[in-house]
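Breakdown of the fold
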Amino acid sequence: PLRFGRPMRFIAGFVDSIHTIIDGDISVFKNNYGTRNVYKFGYPYAGLYGDITINSEKSNPPKIIVGNSGDRGNEHLSVLHLLSQKADIKNYKIVLPVAYSLSEEYELELNKGIKKLGLEDNTELQKDFLPAEEYLQMLASSFMFIGAHNRQQAMGNILGAIYGGCQVVIRKQILVNTGLITNPSWEFLSKYKFDINDY
C-alpha cells in the first residue's frame, strides 16, 4: 500500500512493536506510521545458522532463480522480458519458485508471457514446496538470484544465495509512498559488505 501512496494507518494502529534486523524496515515504518518499540530479531536461516550442509557446485546448464513466490510483486514478467533479450539466454535454465501464493490467474499470465518471450523450453515454474535442505541446495547451485521486488523482500532467499556463492541482483531503489528510497535490503547487505548487484 505504501508503494501506491495509500498507507494503512488503521491497521498499523494495532502494531505494538517492530521485530526485525533490517534498520531500513524500521525507518519506513516510523516515517509512515510513527514510533513503536523496536526489537532486533531475525529468524535463523537454515544453512546459515543451522547444520545443513550444501554442495555449492553449480548446475549445468547454469540456473537463474527469479523471485521467491507466486506474488506479482516479484515482477517475474519484467525480469523475463529483460532476460529474453540476452543473446545467450537459451544456455540457461530459468526457475521461478512460485509454490507460495500463486493464483491460477497469475499462473496463466506467466505461462502466456513465457511463451510469448520464447522462453518456454528453458523456464520452469517451481510449484512444489521443497524441504529447506533441497531449496537451499537449489539456490546454492544457481548462477544467479534475481529479486526485483519493489520492496524489501526475500531476505532468506538472498542470504541463502549468497551463502551458496550465487550472484544476487535486487533493486537498489524502491518506490515507497510515491517516492524513491534506498531499498532496506540493499542497505543491510551493503553494511555487511555483501556483493550484490542493482537490478
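Below you will find a few notes about this structure. Please read these numbers as outputs of a predicted model, since none were measured by experiment.

What follows deals with the sheet that holds strand β10 (residues 197-198). Spatial ordering of the open sheet is given by β5-β4-β3-β6-β7-β10, a layout of 6 strands whose pairing is parallel. The sheet terminates laterally at β5 (123-126) and β10, the two strands that pair on one side only. Bridge count for strand β4 (residues 93-97) against β5 is 4 bridges, and the pairing is parallel. Across the sheet, the residue bridging to L96 is L125, located in β5. Where helix α6 (residues 155-163) meets the sheet, it contacts β6 (144-147) and β7 (167-170), and its direction lies at approximately 150° from that of β7.

So, on to helix α2 (residues 23-33). Buried within α2 are the following residues: G24, I26, V28, F29, N32 and Y33. Where the residues of α2 are buried, they touch α1 (9-12), β1 (17-19), β2 (37-39), β8 (173-176), β9 (179-182) and α7 (184-191). G34 occupies a position one or two residues after α2 and carries a positive phi of about 100°.

Conventions and cut-offs
- Per chain, the residues get numbers from 1 upward, laid out in the order the sequence is written.
- Local features in a predicted model are, by the rule used here, given only for residues with pLDDT of at least 70; side-chain atom pairs are given and counted only at 80 or more, and totals for whole chains, interfaces and linings are based on all residues.
- Calculated side-chain values reflect all of the structure's heavy atoms, with hydrogen atoms and water omitted.
- Note on pairing: two strands pair once DSSP finds at least 2 bridges between them.
- Note on conventions: DSSP H or I runs of at least 4 residues are helices, E runs of at least 2 residues are strands, and numbering of each starts at the N terminus.
- Residues are treated as being in contact if the distance between any of their heavy atoms lies within 4.5 Å.
- Between the N-to-C directions of two axes lies an angle of 0 to 180 degrees, each axis being a line fitted to C-alpha atoms and, for a helix, fitted only over the stretch in contact.
- Only protein chains enter the calculation, and the probe is 1.4 Å; a residue is then buried if its accessible area is under 20% of its type maximum, exposed if over 50%, and partly exposed in between.

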